[in-house]
Amino acid sequence: MRPRFDTELKECDVTPEADFINRRRLMAGAAGLLASGLIGTPLLARSRYSTTAKPNSLKDITTYNNFYEFGTGKSDPARYAGALTIKPWSIKVDGLVDKPGTYGFEDLIAGLPTEERIYRFRCVEAWSMVVPWTGFQLSDLLKKVGVQSGARFVAFETLVRPSEMPGQNRALLDWPYREGLRLDEAMHPLTMIATGLYGKPLPKQNGAPLRLVVPWKYGFKSIKSIVRISLTDRMPQTTWNMQNPREYGFYSNVNPTVDHPRWSQASERPLGGGLFSKRVPTRMFNGYEKEVAGLYKGMNLKKLF
Ligand SMILES: Nc1nc2c(c(=O)[nH]1)N[C@H]1C(S)=C(S)[C@@H](COP(=O)(O)O)O[C@H]1N2
Ligand SMILES: [Mo]
């Protein structure tokens, strides 16, 4: 690993003040669910897995982003991601799978049950938001490609295309952006691949056409614009751990009792609160403790940073 300068994560103090639910788009999402025949099925979104917390506005979610491929500023992704070509898009699935191959986006997701889920999202920089994703469970995709018995981890990579991703012309990170999950984390029903937001296709700044969402982990685990999914028998390398292993581990579970070496993780600043937004306490596993604590039984949670 080559040495790099400290790209200190900065918390931006400018928060868009508008915070309203875009009702028209929410309705569009509901109509989509109806059309797809999902209403009434046991996995119906917004009942079983969704938080009742009020979603942030589409504007908040799409104008305050981390996507270093487009630059380190919070408004860089919204400014530059428009130039990214997402059609066609292919995803290489390899490693310990029954059906390896390079799949077109549409083929890969064909037949997977899509739904809307409203999840809390907590960035390691201590801001947070509530997001109405649409997508499917990663477990369904993994079942579709067939996980072989030796697989223990899933590794993900983001596209490398410096001609369309200006941040990749600099050594901000060791491209491609990489992430990974233990297989049982990947198979957990809360773990999603999002392909939409507010009932519409995922905006490019949020990781179009497909990105990971793991709501009990810090936001950097939710890798965007995925082009490779590998099933492996070893713990994969992950971008922020490679960048700064003292500050970022593999697990990165949200834990208010384990501070970042440079700031407290005990509380967070919800986006959309305006200039004088109040901090609120951060919850263990970002509020998903009941659902996921069992994954880490017998492990020292203080070490799962
Ligand atoms: N490829 C890639 N994925 C990424 C990032 C990135 O820089 N590149 N940033 C991560 C971080 S730190 C966060 S907080 C979330 C932000 O997601 P959002 O912009 O959709 O809110 O994306 C994550 N996924
Ligand atoms: Mo983040």
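Here, every reference points to the structure presented above.
A quick note: this is a predicted structure, and the numbers were derived from the prediction, not measured.

**Student:** What exactly am I supposed to notice about the sheet that holds strand β1 (residues 90-95) here?
**Tutor:** Strands belonging to one sheet form pairs held by backbone hydrogen bonds; the direction of such a pair is parallel or antiparallel. Strand order in the open sheet made by the 5 strands is β2-β1-β10-β5-β6, with mixed pairing throughout. Looking at strand neighbours, the two that pair on one side only are β2 (101-104) and β6 (178-182), the edges of this open sheet. The average undirected angle you get between the axes of adjacent strands in this sheet is 20 degrees. Across 5 bridges, strand β5 (residues 153-158) lies against β6 in antiparallel orientation. Residue pairing for β6: Phe156 is matched across the bridge by Glu179.

**Student:** Just checking my understanding: could you explain empty space enclosed by the protein for this structure?
**Tutor:** The method is simple in principle: a probe with the dimensions of a water molecule rolls over the atoms, and the space it marks as empty is what remains. Inspection of the entire model under this criterion finds 2 cavities of 30 Å³ or more. There is about 330 Å³ of room inside the largest cavity. As for the largest cavity, its lining consists of 25 residues, of which Asn66, Phe67, Tyr177, Gly219 and Phe220 are closest to the centre. Top element by residues in the lining of the largest cavity is strand β4 (residues 127-137). It accounts for 3 residues.

**Student:** Sorry, what's going on with the layout of surface pockets here?
**Tutor:** Computed from the structure, the second largest pocket encloses a volume of approximately 240 Å³. Lining the second largest pocket are 19 residues, with Ser128, Met129, Val130, Glu268 and Pro270 positioned closest to its centre. Residue contributions to the lining of the second largest pocket peak at 3 residues, all from β4. Broken down by class, the residue content of the lining of the second largest pocket amounts to 8 nonpolar, 6 polar and 5 charged.

Analysis parameters
Residues numbered from 1 in each chain as written. Chains lettered and ligands numbered in written order. Predicted model: local features only at pLDDT ≥ 70, side-chain atom pairs only at ≥ 80, totals over all residues. Heavy atoms only, no water. Pairing = 2+ DSSP bridges. Helix = DSSP H or I, 4+ residues; strand = E, 2+ residues; numbered from the N terminus. Axes fitted to C-alpha atoms, helices over the stretch in contact; angles between N-to-C directions. 1 Å grid on protein atoms, 1.4 Å probe; cavity = no way out; pocket = protein on both sides within 12 Å on 5 of 7 lines; lining within 4 Å. Points joined across faces, edges and corners; volume = space filled by probe spheres on them. Nonpolar A, V, L, I, M, F, W, Y, C, P; charged D, E, K, R; others polar.

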